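Analysis of the macromolecular model
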Amino acid sequence: MQPKLHIQDLKFSYEEHVVFKQFNLEVQAGERLCIMGRNGAGKSTLLKIMAGLIDARNFLFYEGRPVVDMSAYKRKIAYIPDAPLLYELLTGTDNLLFIMNLFQVDNHQNYRNKVAELCHQFGLADFLNKRVLDYSLGMKQKLFFIAMMARETEVCLLDEPFTSFDPDSQKLATNLLSEYTSGNKAVIFTSHVDQIINSLANRTLALKTSSERS
Ligand SMILES: Nc1ncnc2c1ncn2[C@@H]1O[C@H](COP(=O)(O)OP(=O)(O)OP(=O)(O)O)[C@@H](O)[C@H]1O
């Protein structure tokens, strides 16, 4: 079977700073891969490449085919950065609807149902009419996570997830991601936190810095 995602002979630099020289990675459906490594090794850069935020489509393959249509590809991918991307002046509900439209979610009813269920599970239901400005950091992270899960994408990328989640919410989120990969989906994340790595990953990859690699 073809990998869900793969990267072939990736070369990538920020101006003169070479981050990847000839990097290869295959991620299979069902995997929850943790990319580990020192600060500056390139973990976040790699996630941004797989999210399509850094355009390296010549090196990126989805289910065995080169990524040609970046917009169609991005609709299959959820990317959850360490700082949640939300409009502070909008309410929780308005942010959730904004995200639904931004990512062109096809089945609005399914998204709304999923959001309602997850907000209830994460204890956010009573705060949805408040502005995000008045949320705690953990609440903001939960809201963005819920929106991305409700999109029901094929791949979920998480950069240092759940740093401000309380322990019960962390457990709930890792269970949801384990269920997510019981189908034909994949999770790729970065973390420095042993507890999160141990409870979520079913594979780990140690990424070396470019100087360690040469
Ligand atoms: N926008 C940018 N412009 C220039 N250089 C960058 C940029 N973003 C990252 N870098 C550099 O690229 C390298 C990889 O950075 P990246 O953020 O991917 O590392 P990381 O492994 O995620 O680190 P950390 O564990 O600290 O989050 C670092 O040397 C960093 O300084």
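- The protein carries the name ABC transporter ATP-binding protein in an unreviewed UniProt entry, which gives Paenibacillus alba as its organism.

1. Focus on the site of the ligand
- In the neighbourhood of the ligand, the contacting residues comprise Y14, H17, V19, R38, N39, G40, A41, G42, K43, S44, T45 and H192.
- In the model, an oxygen atom of the ligand is placed 3.1 Å from a nitrogen or oxygen of the H17 side chain.
- Take K43: an N or O atom from its side chain is 2.7 Å from an oxygen atom of the ligand.
- In the complex, 58% of the free accessible area of the ligand, which totals 640 Å², lies under the protein chains.
- Elements represented by at least two residues in the shell around the ligand include exactly β2 (17–27) and α1 (43–51).
- Sorting elements by how many residues they give to the shell around the ligand places α1 first, with three residues.

2. Comments concerning the nonpolar core
- Counting 40 residues, the largest nonpolar core has Y111, F145, L158, F162 and L177 as its most contacted members.
- For this core, the element with the highest residue contribution is helix α5 (residues 137–150), accounting for nine residues.
- Not counting chain neighbours up to four residues away, the residues in contact with F145 comprise I80, F122, L158, F162, F165, A173, L176 and L177.
- L10, L33, A41 and I49 belong to the second-largest nonpolar core, a separate cluster that totals 31 residues.

3. Observations regarding the pattern of salt bridges
- Within the structure shown, the criterion is met by six salt bridges.
- Between K4 and E63 there is a salt bridge, with the nearest N and O atoms lying 2.8 Å from each other. With a gap of 59 residues between them, K4 in the segment before β1 (5–14) and E63 in the loop between β4 (60–62) and β5 (65–66) connect regions that are remote in the sequence.
- Exposure remark for K4: the relative accessible area of 2% places this residue in the buried category.
- Linking E31 and R203 is a salt bridge whose minimum nitrogen-to-oxygen distance equals 2.8 Å. In this pair, E31 is assigned in the loop between β2 and β3 (32–36) and R203 in strand β9 (residues 203–206), connecting sequence segments 172 residues apart.
- Salt bridges sharing common partners tie together K4, E63 and E154.

4. Re the side chain of D159
- With respect to the helices and strands, the residue D159 is situated in strand β7 (residues 155–159).
- There is no salt bridge for the buried D159, and the closest opposite charge comes from K48, which lies 6.1 Å off by N-O distance.
- A polar atom in the side chain of D159 sits 2.8 Å from the side chain of S44.
- If we ignore the near neighbours within four places in the chain, the residues touching D159 are S44, L47, Y79, I80, P81, D82 and T190.

About the thresholds
- Residues numbered from 1 in each chain as written.
- Predicted model: local features only at pLDDT ≥ 70, side-chain atom pairs only at ≥ 80, totals over all residues.
- Heavy atoms only, no water.
- Near = heavy atom within 4 Å.
- Polar contact = N/O pair within 3.5 Å; in protein donor to acceptor, adjacent residues only side chain to side chain.
- Areas by Shrake-Rupley, 256 points an atom, 1.4 Å probe, with all protein chains shown as cover.
- Helix = DSSP H or I, 4+ residues; strand = E, 2+ residues; numbered from the N terminus.
- Core = buried A, V, L, I, M, F, W, Y, C linked by side-chain atoms within 4.5 Å.
- Buried < 20%, exposed > 50% of the residue type's maximum accessible area, 1.4 Å probe, protein only.
- Contact = heavy atoms within 4.5 Å.
- Salt bridge = Lys/Arg side-chain N within 4 Å of Asp/Glu carboxyl O.
- Lys, Arg positive; Asp, Glu negative; His and termini not counted.

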